[in-house]
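Spelled out from the first residue to the last, the chains are:
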Amino acid sequence: MHLKDIVKAGIRERFGELRRMGIKTVMITGDNPLTAASIAAESGVDDFLAEATPEDKLALIRREQEGGKLVAMCGDGTNDAPALAQSDVGVAMNTGTQAAREAGNMVDLDSDPTKLIEIVGIGKQLLMTRGALTTFSISNDVAKYFAILPAIFVVLYPGLGALNVMGLGSPESAILSAIIFNAIIIPLLVPLALKGVTYRPASAGSLLARNLAVYGLGGLVAPFIGIKLIDLAVTGLNLA
């Protein structure tokens, strides 16, 4: 990436978003150390490598990967091609060379180096949405067992009646209420799956804690309330 493009992009604030995600940014350039240090300070990157050859870029990425890290790289020159090919996510600029575009995993049509930040954000939102739905689904199933298991096996194992913490009317109403609740909750999750979980730049630990608190706890509480209310309606209408 040419240094003038980094300066022109004005990405100090955007690099701050990556830092809040726990992502380290490194500027790799073939320019001299003084120029590189000046641009690094102006752009707000965490570190820089000056007078880097294609071999130096490739070695740096491999070293990070050997340390167990995932590496994403933006580049536009022929000398960036080996590093783009080696990185876990290689983003080539559309205005770059053919070699760079062929080596990368994707091509940024806008040739904007800050686009990598958007790529990371979208990827994290997809993972968060998948994790939220999975967490809610597992918690939801665990809660429903308190309604279904006592209803199915209470005759064979009377002790399972202790699991009927919801105080459901009868085994028949318990099973019917769980089925109705399941039929209601699945369509309600469709908008969440399509829209995605709201994403804000943060570390993986804080995102995980939020995911477990909101969707894990919510997945446990919602069935208890929903199944109990449906059971009251089913029992009151003598449907089971």
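As the structure is a prediction and not an experimental result, all values here were calculated from the model.

(A) Structural view of the pairing of strand β3 (residues 72-75). When β3 meets strand β4 (residues 89-93), the two strands line up parallel, connected through four bridges. The residue bridging C74 from the neighbouring strand is V91, located in β4. With respect to chirality, the unit in which β3 leads through helix α5 (residues 81-86) into the neighbouring parallel β4 is right-handed.

(B) Fine view of helix α7 (residues 115-153). Taking 1.5 Å as the rise per residue, α7 with 39 residues should run 57 Å; its terminal C-alpha atoms sit 56 Å apart, in good agreement. In the structure, α7 departs most strongly from a straight axis at Y145, where the bend amounts to approximately 35 degrees.

(C) Region of interest: the pattern of salt bridges. Applying the stated criterion across every chain, the model contains two salt bridges. Among the ionic pairs, K57 bridges to D80, the shortest N-O distance being 2.6 Å. Here K57, found in helix α4 (residues 54-66), pairs with D80, found in the loop between β3 and α5; they are 23 residues apart in sequence, far enough to count as distant. You'll find K57 and D80 in the same group, each marked buried. Put simply, K69 and E64 hold a salt bridge, and the shortest N to O gap is 3.3 Å. According to the relative accessible area criterion, K69 is partly exposed, its value standing at 47%. Judged by its relative accessible area of 23%, E64 is partly exposed.

Conventions adopted
Residues numbered from 1 in each chain as written. Predicted model: local features only at pLDDT ≥ 70, side-chain atom pairs only at ≥ 80, totals over all residues. Heavy atoms only, no water. Pairing = 2+ DSSP bridges. Helix = DSSP H or I, 4+ residues; strand = E, 2+ residues; numbered from the N terminus. Right-handed = clockwise from strand over helix to strand, strands pointing away. Expected span 1.5 Å × (residues − 1). Bend = angle between axes of the 7 residues up to and from the residue. Salt bridge = Lys/Arg side-chain N within 4 Å of Asp/Glu carboxyl O. Buried < 20%, exposed > 50% of the residue type's maximum accessible area, 1.4 Å probe, protein only.

Keep in mind these values describe shape, not function.
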